[in-house]
Amino acid sequence: DGGITQSPKYLFRKEGQNVTLSCEQNLNHDAMYWYRQDPGQGLRLIYYSQIVNDFQKGDIAEGYSVSREKKESFPLTVTSAQKNPTAFYLCASSMRRRGAGANVLTFGAGSRLTVL
Amino acid sequence: GNSVTQMEGPVTLSEEAFLTINCTYTATGYPSLFWYVQYPGEGLQLLLKATKADDKGSNKGFEATYRKETTSFHLEKGSVQVSDSAVYFCALSEGETSGSRLTFGEGTQLTVNP
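Note that the coordinates shown come from a computational prediction; the quantities given were computed from them, not determined experimentally. Per-chain numbering applies: the sequence of each chain, read as written, is numbered from 1 onward. All chains are assigned letters beginning at A, and all ligands numbers beginning at 1, according to the order in which they are written. Selection of residues for local features in this predicted model requires a pLDDT of at least 70, selection of side-chain atom pairs for listing and counting requires 80 or more, and totals for whole chains, interfaces and linings are taken over all residues. Side-chain calculation: all heavy atoms of the structure are included, whereas hydrogens and water are not.

Details of the overall build of chain A
Part 1: Tallying secondary structure elements over chain A gives 0 helices and 11 strands in all.
Part 2: Each principal axis of the C-alpha distribution contributes one length, and for chain A these read about 45 × 30 × 30 Å.
Part 3: Relative accessibility decides the category of a residue: with a 1.4 Å probe and only protein chains considered, values under 20% of the type maximum give buried, values over 50% give exposed, and everything between is partly exposed. Put simply, chain A has 116 residues, and 47% of those count as buried.
Part 4: The Shrake-Rupley method, run with a 1.4 Å probe sphere, supplies the accessible areas, and residue values consider only the shown protein chains as cover. Summed over its atoms, the accessible surface of chain A is roughly 5700 Å², and 46% of this surface lies on carbon and sulfur atoms.
Part 5: None of His or the chain ends enter the tally, which takes Lys and Arg as positive and Asp and Glu as negative. Charged groups are reduced to one reference atom each: NZ for lysine, CZ for arginine, CG for aspartic acid, CD for glutamic acid. Across chain A, the mean location of the 14 positive side-chain charges is 2 Å away from that of the 10 negative side-chain charges. Each helix is a run of DSSP H or I of at least 4 residues and each strand a run of E of at least 2, with the numbering of both proceeding from the N terminus.

Some details on the state of the cysteines
Residue and element names in this part refer to chain A.
Part 1: Two cysteine sulfur atoms form a disulfide, by the criterion used here, when they sit within 2.5 Å. Scanning all chains against the criterion turns up 2 disulfides over all chains.
Part 2: Between the sulfur atoms of cysteine 23 and its disulfide partner cysteine 91 the distance amounts to 1.9 Å. Measuring handedness by torsion sign, the sulfur bridge of cysteine 23 and cysteine 91 sits at about -75° and is left-handed. Of the two residues, cysteine 23 sits in strand β3 (residues 19-25) while cysteine 91 sits in strand β9 (residues 87-94), which places them 68 residues apart along the sequence. Just as cysteine 23 is buried, cysteine 91 falls in that class too.

What to know about the layout of surface pockets
Part 1: Points on a 1 Å grid over protein atoms alone make up a cavity when a 1.4 Å probe fits among them but cannot get out, and a pocket when they form an open set with protein on both sides within 12 Å along at least five of seven lines; lining residues each have an atom within 4 Å of a point. Grid points are joined across faces, edges and corners, and a volume is the space filled by probe spheres set on the points. Of the volumes computed, that of the largest pocket is approximately 350 Å³.
Part 2: Lining the largest pocket are 21 residues, with Gln37(A), Gln38(B), Val87(B), Phe89(B) and Gln109(B) sitting closest to its centre.
Part 3: Among the secondary structure elements, those contributing two or more residues to the lining of the largest pocket are β10 (86-93) and β12 (108-113) of chain B.
Part 4: The element best represented in the lining of the largest pocket is β10(B), accounting for 3 residues.
Part 5: Here the nonpolar group is Ala, Val, Leu, Ile, Met, Phe, Trp, Tyr, Cys and Pro; Asp, Glu, Lys and Arg are the charged ones; every other residue, Gly included, is treated as polar. Of the residues that constitute the lining of the largest pocket, the class distribution is 7 nonpolar, 10 polar and 4 charged.

Given below as structure tokens:
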């Protein structure tokens, strides 16, 4: 079945350590996204990428970095510069086309990061 | 900029009750509107969408109508089930191409008791 796989599902790290969250999709989608979810705040966009080797900052990119070396993969690194990294991280993807279907996102199951 | 405002939760209903979750938006153009649902411990799933004024999106007994005059996209269901317990997010898109960013509301937690 096609879909998005995020790993790990749960991650614990010490303060000051960088951590990388994996996101892989086999939907042949061109665009991929990372969102952060905090209780009562909805989803906030961290980074997004429309094509391989290109990505743009979202609303809360500070303290995060991404790469898009392959169409299927869009890993997110939470760096030590991120002041409050404990959160639920969601990866998503969408098709590359114009029209009503272009903005429909498919989400992964999420990764919960806890910084001790 | 664009924004989405949802009714405050949590919402608690008895099985077979009528559900309304209010959603209003602010946008500069003519956005597409969406409702996503998140079950415990999972990612979000698209529930329904509408791409132009007066369109009605529907799925699994849920409905929402794109009202441009009131800038609203309220979610309704005539008879909720325990399995509908989840967090519901209203969202809008800024454009018509892939990579267009979605703006989400803060989410509304729904609990349905038997």
